[in-house]
Amino acid sequence: MSQQTIKQQARRTAREVAERRRLARVEKERRMTDLAEQVMVAVGERDQAVIAAEARAGAALREWTEVEGLTLAEMVEWCDGLLTPREATRLRRLADDGDGGDDKGQGGARTDEAGDQAGEARKGDLSGGAGGGSTAG
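Below you will find a few notes about this structure. (Residues numbered from 1 in each chain as written. Predicted model: local features only at pLDDT ≥ 70, side-chain atom pairs only at ≥ 80, totals over all residues. Heavy atoms only, no water.)

## A closer look at the overall build of the protein chain
Stage number 1. For the protein chain, the helix and strand inventory stands at 5 helices and 0 strands.
Stage number 2. From first element to last, N terminus to C terminus, the protein chain shows the α and β order α-α-α-α-α.
Stage number 3. Out of the 137 residues belonging to the protein chain, those deemed buried represent 20%.
Stage number 4. Of all intrachain contacts in the protein chain linking residues separated by at least 6 positions in sequence, the fraction that spans at least 24 positions is 52%. (Helix = DSSP H or I, 4+ residues; strand = E, 2+ residues; numbered from the N terminus. Buried < 20%, exposed > 50% of the residue type's maximum accessible area, 1.4 Å probe, protein only. Contact = heavy atoms within 4.5 Å.)

As structure tokens, then:
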């Protein structure tokens, strides 16, 4: 075999190896992209499920306070440790924010909806008063 033939075969072999490695990298990147897509879709689905579940919980809390005239503190007791007062307040406010009504969450409108006694009881549950959305300080 001539020196030139040996060099040509070596170059050809090196190019083939390089091409196989390049194709392997491309294939690995495709797999990684597919896996990243699966993760992102699953996380997006999870987020949507959480939003829907929180909306249902907020609606139930709204009914608890507005229709039944009970306090969030009472709901926390009924939930036997699965719901904190802070979480109950957050979920209840989500229900207010999600209804599109401009009078909800403004001033004292929320506390007066289910009558004076229930409204007064809710004032204490909503961490410093009804509806302002901010705390003193």
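## With respect to helix H1 (residues 3–66)
Stage number 1. The terminal C-alpha atoms of H1 lie 93 Å apart, and with 64 residues this matches the ideal 94 Å at 1.5 Å per residue to within 8%.
Stage number 2. Burial in H1 covers these residues: Gly 58, Leu 61, Arg 62, Trp 64 and Thr 65. (Expected span 1.5 Å × (residues − 1).)

## Comments concerning the pattern of salt bridges
Stage number 1. Throughout the structure, instances matching the rule amount to 10 salt bridges.
Stage number 2. Between Asp 34 and Arg 30 there is a salt bridge, and its shortest N-O distance comes to 2.6 Å. Remark: Arg 30 and Asp 34 occur in helix H1; sequence separation between them is 4 residues, near one turn of the helix.
Stage number 3. One salt bridge connects Glu 87 with Arg 90, and the closest N-O pair in it is separated by 2.8 Å. Placement of the pair is Glu 87 and Arg 90 together in helix H3 (residues 85–98), with a separation of 3 residues, close to one helical turn.
Stage number 4. For Glu 87, a relative accessible area of 28% corresponds to the partly exposed category.
Stage number 5. Classification of Arg 90 as partly exposed rests on a relative accessible area of 33%. (Salt bridge = Lys/Arg side-chain N within 4 Å of Asp/Glu carboxyl O.)

## Focus: a positive patch on the surface
Stage number 1. Among the surface-exposed residues, Lys 7, Arg 11, Arg 12 and Arg 15 lie close enough to one another that they form a single positively charged patch.
Stage number 2. When you line up the elements, Arg 12 lands in helix H1. (Patch = residues over 30% accessible without salt bridge, like charges linked within 9 Å, V, L, I, M, F, W, Y side chains within 5 Å. Areas by Shrake-Rupley, 256 points an atom, 1.4 Å probe, with all protein chains shown as cover. Lys, Arg positive; Asp, Glu negative; His and termini not counted. Charge placed at Lys NZ, Arg CZ, Asp CG, Glu CD.)

## Let's talk about unusual backbone geometry
Stage number 1. Backbone geometry places Asp 80, a non-glycine residue, at a positive phi of 50 degrees.
Stage number 2. Examined against the element boundaries, Asp 80 turns out to sit in the loop between helix H2 (72–78) and H3.

## Concerning H3
Stage number 1. If you check H3, its first and last C-alpha atoms are 20 Å apart, about what 14 residues at 1.5 Å a residue would give, namely 20 Å.
Stage number 2. Listing the buried residues of H3 in full gives Ala 88, Thr 89, Leu 91, Arg 92, Ala 95 and Asp 96. The arc that holds every buried residue of H3, seen down its axis, measures 165 degrees, which confines them to one face. Opposite the buried face of H3, by more than 90 degrees, sit the exposed residues Arg 86, Asp 97 and Gly 98. (Arc of directions from axis to C-beta.)

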